[in-house]
Amino acid sequence: MIKSGKTPLMRSKKLDKALGVEEIYLKLEGANPFGNKFDRISETLIKDAIIHRHNGLLIDGPSDYIKSIVEYSKIYEIEVKVSLFKNEQWKRNMFKDISFVDFRSSDSNNRLELIESYCKKNNYYNASN
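Residues numbered from 1 in each chain as written. Predicted model: local features only at pLDDT ≥ 70, side-chain atom pairs only at ≥ 80, totals over all residues. Heavy atoms only, no water.

Chemist: Is there a simple way to think about the overall build of the protein in this case?
Modeler: When helices and strands are tallied, the protein shows five helices and six strands. Reading the protein from its N end, one meets helices and strands in the order β-α-β-α-β-α-β-α-β-α-β. The buried share among the 129 residues of the protein stands at 37%. Residue pairs at least 24 apart in sequence account for 53% of intrachain contacts in the protein once pairs closer than 6 positions are excluded. Summed over all atoms, the accessible surface of the protein reaches about 8,300 Å², with 50% contributed by carbon and sulfur. (Helix = DSSP H or I, 4+ residues; strand = E, 2+ residues; numbered from the N terminus. Buried < 20%, exposed > 50% of the residue type's maximum accessible area, 1.4 Å probe, protein only. Contact = heavy atoms within 4.5 Å. Areas by Shrake-Rupley, 256 points an atom, 1.4 Å probe, with all protein chains shown as cover.)

Chemist: Please explain the environment of Lys 81 as it appears in this structure.
Modeler: Its place among the elements puts Lys 81 in strand E4 (residues 79–84). Distance in space between the C-alpha atoms of Lys 81 and Asp 102 is 9.9 Å, their sequence separation being 21 residues. Not counting residues within four places of it along the chain, the set of residues in contact with Lys 81 comprises Leu 57, Leu 58, Ile 59, Ile 98, Ser 99, Val 101, Tyr 118 and Tyr 124. There is a polar contact of 3.1 Å between the side chain of Lys 81 and the side chain of Tyr 118. (Polar contact = N/O pair within 3.5 Å; in protein donor to acceptor, adjacent residues only side chain to side chain.)

Chemist: What exactly am I supposed to notice about helix H5 (residues 111–122) here?
Modeler: Owing to its 3.6 residues per turn, the α-helix brings residues three or four apart onto one side. Helix length check: H5 (twelve residues) gives 17 Å between terminal C-alpha atoms against 16 Å at 1.5 Å per residue, within 8%. Within H5, burial applies to Leu 114, Ile 115, Tyr 118 and Cys 119. Viewed end-on, H5 has its buried residues packed into an arc of 130 degrees, placing them on one side of the element. Of the exposed residues in H5, the ones pointing more than 90 degrees away from its buried face are Leu 112, Lys 120 and Lys 121. (Expected span 1.5 Å × (residues − 1). Arc of directions from axis to C-beta.)

Chemist: Quick question: what am I supposed to make of the packing of aromatic side chains here?
Modeler: Each aromatic ring pair is summarised here by two numbers: the centre-to-centre distance and the angle between the ring planes. Following the criterion strictly, the structure yields four aromatic pairs and no others. Considering the side-chain rings of Phe 103 and Tyr 118, the 6.4 Å spacing of their centres and the 90 degrees angle between planes classify their relative orientation as edge-to-face. Of this pair, Phe 103 sits in the loop between strand E5 (99–102) and H5 while Tyr 118 sits in helix H5; the two residues are 15 residues apart in sequence, bridging distant segments of the chain. The pair formed by Phe 103 and Tyr 118 is uniform in burial state, with each residue classed as buried. For the ring pair Tyr 118 and Tyr 124, a centre distance of 5.8 Å and an interplane angle of 70 degrees mean the geometry is edge-to-face. (Phe/Tyr/Trp six-rings, centres within 6.5 Å; stacked < 30°, edge-to-face > 60°.)

Chemist: Sorry, what's going on with the pattern of salt bridges here?
Modeler: Summed over all chains, the structure comprises nine salt bridges. For the salt bridge of Lys 74 with Glu 71, the shortest nitrogen-to-oxygen distance reads 3.5 Å. Placement of both Lys 74 and Glu 71 in helix H3 (residues 63–76) is noted, with a separation of three residues, approximately one turn of the helix. One salt bridge connects Arg 104 with Asp 102, and the closest N-O pair in it is separated by 2.6 Å. Overall, the relative accessible area of 32% leaves Arg 104 in the partly exposed class. (Salt bridge = Lys/Arg side-chain N within 4 Å of Asp/Glu carboxyl O.)

Purely spatial values, then, with no claim about function.
Given below as structure tokens:
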């Protein structure tokens, strides 16, 4: 398996010269296992949830972040759920095979408080971005 964090770091001498700076390096995050910058943190969060014996992870954040955690959860065989708030139908459309925790009818407007409360009550890892 390709591991996260092994992305190439390359010096760009032409860009150094064009911008008049001493050294510029480019990190190729697209070379991560699932193609984005969230792969390293996603793998770490999954491992931390397993070590601390959580029942699963509750995710909230941008689509690339959610995608990365979902992919690692498959590898490490741990359940994930995605938080769903008002005006977030895109999550249902993008992640059709994932369970959701529906907070749309909640009285509270404090996302973090709702997520944290759910996690404590259900022994889930808070993987909110």
